[in-house]
Amino acid sequence: MIRVEDLHKYFGDLEVLKGIDETVEQGEVIVVVGPSGSGKSTFLRCLNRLEEPTAGRIFIDGQQINSPEIDINQLRQETGMVFQHFNLFPHKTSLGNITLAPMKIKGIAEEEAKQIAYDLLDKVGLKDKADTYPSQLSGGQKQRIAIARALAMQPKVMLFDEPTSALDPEMVGEVLDVMEDLADEGMTMVVVTHEMGFAREAGDRVLFMDGGVIVESAPPEELFNNPQEKRTQEFLKKVY
Amino acid sequence: MLNIGLIMEKIADIKAILPFLLKGAVVTIKVTSLAVLMGIALGTILGLARVSKSKWLKSISKAYIEFFRGTPLLIQLFILYFGLPNLGIKLSPYFAAVLGLGLNSGAYVGEIVRSGINSINKGQMEAARSLGMSYPQAMRYVVLPQAIKRVIPPLGNEFIALLKNSSLVSVISVKDLTRQSRLVNSRTYQTFLIYISAAVIYFCMTFVLTRLVNYVERRLSVSD
Ligand SMILES: Nc1ncnc2c1ncn2[C@@H]1O[C@H](COP(=O)(O)OP(=O)(O)O)[C@@H](O)[C@H]1O
Ligand SMILES: [Mg+2]
């Protein structure tokens, strides 16, 4: 589903990604962990080209996405992204947040877009918040709306960048539940998170990133209980 | 002691000069309104160019804004009205006035639009783009609707300043409120009365404009 070959990313002179090779199968749920500044977000953002890769190749569904011929907007419709700080549109209701892109990009009629939106609101458990503006939602609710918004474009892949890091602890669960449901439905997901519970429950594989490379990659139990690399061991000891 | 006779006389004087001043006020309103429209159109383009990715657009817009903000409006009007004829381009006073005020206002509006757009969190553009919106779509449906609310108060200030600055067009023979006042003055020498009346009329116009801006501001902020 996703294949990354020798991906490099520089910000000016700073090399943030130093050669990433990775393959994500259809329906696989990949959890990315690693210290702050190790390049997790940059890696994720290269996958929908919110950051432009400096070198290397990225394929999604067999199509090379970092080539000049690709329609970047088409690509992004197929890869949904969820941000740490939600980035909901404050001037739109929950419903408006979800229907905006399908209506404006795909040209779906309002009634149909609303129907899709209500189904998604139902899925994330917020049907009663359809007409609420983001400023009146809790963090957990905002993030669930943000997930619904991304799903409304019917993406093939979902990217999550620390979706629960900005939440109060009591709201983390409700968001992870939605993500686990999504994983159960077979969505291909790449999730940057330090929620070990989620990784064990829903993750097929955990990648440990440090210093711009993937240091180790293994199923959750293996990586958490029996890390092979010294850097992984040190990181896990510090964090968990 | 109140001198009823004198007061009656002054009221009669005001009645005599008022039609001339109001005629000028209409011209002031017309010239300013057209310049405001031009300023909004031009300023939006300049502001968008200023935040675009194109280096070229950015520097043109920046140079434009710096030139018009860094030189006196009076000189800009002189160039348009008295200078251009040397190059064989002759503009009517009204056209030169609207053009001069509009070009000048565009620079200020451009700066306001730029800072309005920049005040919107970058995450908004990213979220819109991540859904598959093109840059223009993201601007139109996500960034600008939010920026517009922040832009209204400084824009209001700019247009109030523009209305007052429009008195400068009197020197390029536009018969606005200021020029009408001077014309009446040269005939009647009721100097104090005339200029106080002109000030009151200007004040009424800026007062109405201020209320209008406040009203729009309140209307736009309902969704927050
Ligand atoms: N737009 C940017 N410009 C310059 N440096 C950046 C930019 N984005 C990220 N970086 C740098 O790249 C490195 C990796 O950042 P990031 O991918 O956000 O790490 P992580 O998500 O693992 O914390 C950091 O050193 C960060 O300062
Ligand atoms: Mg990050």
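Residues numbered from 1 in each chain as written. Chains lettered and ligands numbered in written order. Predicted model: local features only at pLDDT ≥ 70, side-chain atom pairs only at ≥ 80, totals over all residues. Heavy atoms only, no water.

1. Side note on the layout of surface pockets
In this approach, a probe sized like a water molecule rolls over the atoms, and the result shows the empty space that is left. If you add up the space inside the largest pocket, you get close to 630 Å³. Looking at the lining of the largest pocket, the elements with two or more residues in it are α2 (72–78) of chain A together with α4 (93–118), α5 (122–130) and α6 (135–165) of chain B. For the lining of the largest pocket, the leading source of residues is α5(B), giving four residues. For the lining of the largest pocket, a count of residues per class yields nine nonpolar, three polar and seven charged. For the lining of the second largest pocket, the secondary structure elements donating two or more residues are α1 (4–51), α6 and α8 (191–220) of chain B. With six residues, α8(B) is the largest single contributor of residues to the lining of the second largest pocket. Along the lines of polarity and charge, the residues of the lining of the second largest pocket split into twelve nonpolar, three polar and no charged. (1 Å grid on protein atoms, 1.4 Å probe; cavity = no way out; pocket = protein on both sides within 12 Å on 5 of 7 lines; lining within 4 Å. Points joined across faces, edges and corners; volume = space filled by probe spheres on them. Helix = DSSP H or I, 4+ residues; strand = E, 2+ residues; numbered from the N terminus. Nonpolar A, V, L, I, M, F, W, Y, C, P; charged D, E, K, R; others polar.)

2. Examining the UniProt feature "domain: ABC transporter" (unreviewed entry) in chain A
Taking the numbering used here, the UniProt-annotated feature "domain: ABC transporter" (unreviewed entry) corresponds to residues 2–236 of chain A. Taken as a whole, residues 2–236 of chain A contains 38% helix and 26% strand, while its terminal C-alpha atoms sit 27 Å from one another. (UniProt positions renumbered as here; feature names shortened; annotations may be inferred.)

3. Topic: the pairing of strand β1 (residues 2–11) of chain A
All names here are of chain A. As paired elements, β1 and strand β2 (residues 14–24) share eight bridges and run antiparallel to each other. Across the sheet, K9 pairs through a bridge with L17, a residue of β2. Between the end of β1 and the start of β2, which pair antiparallel, lie two residues, with G12 showing a positive phi angle near 60°. In terms of strand pairing, β1 meets strand β4 (residues 55–60) through five bridges, oriented antiparallel. Within β4, the position partnered with V4 by the bridge is I58. (Pairing = 2+ DSSP bridges.)

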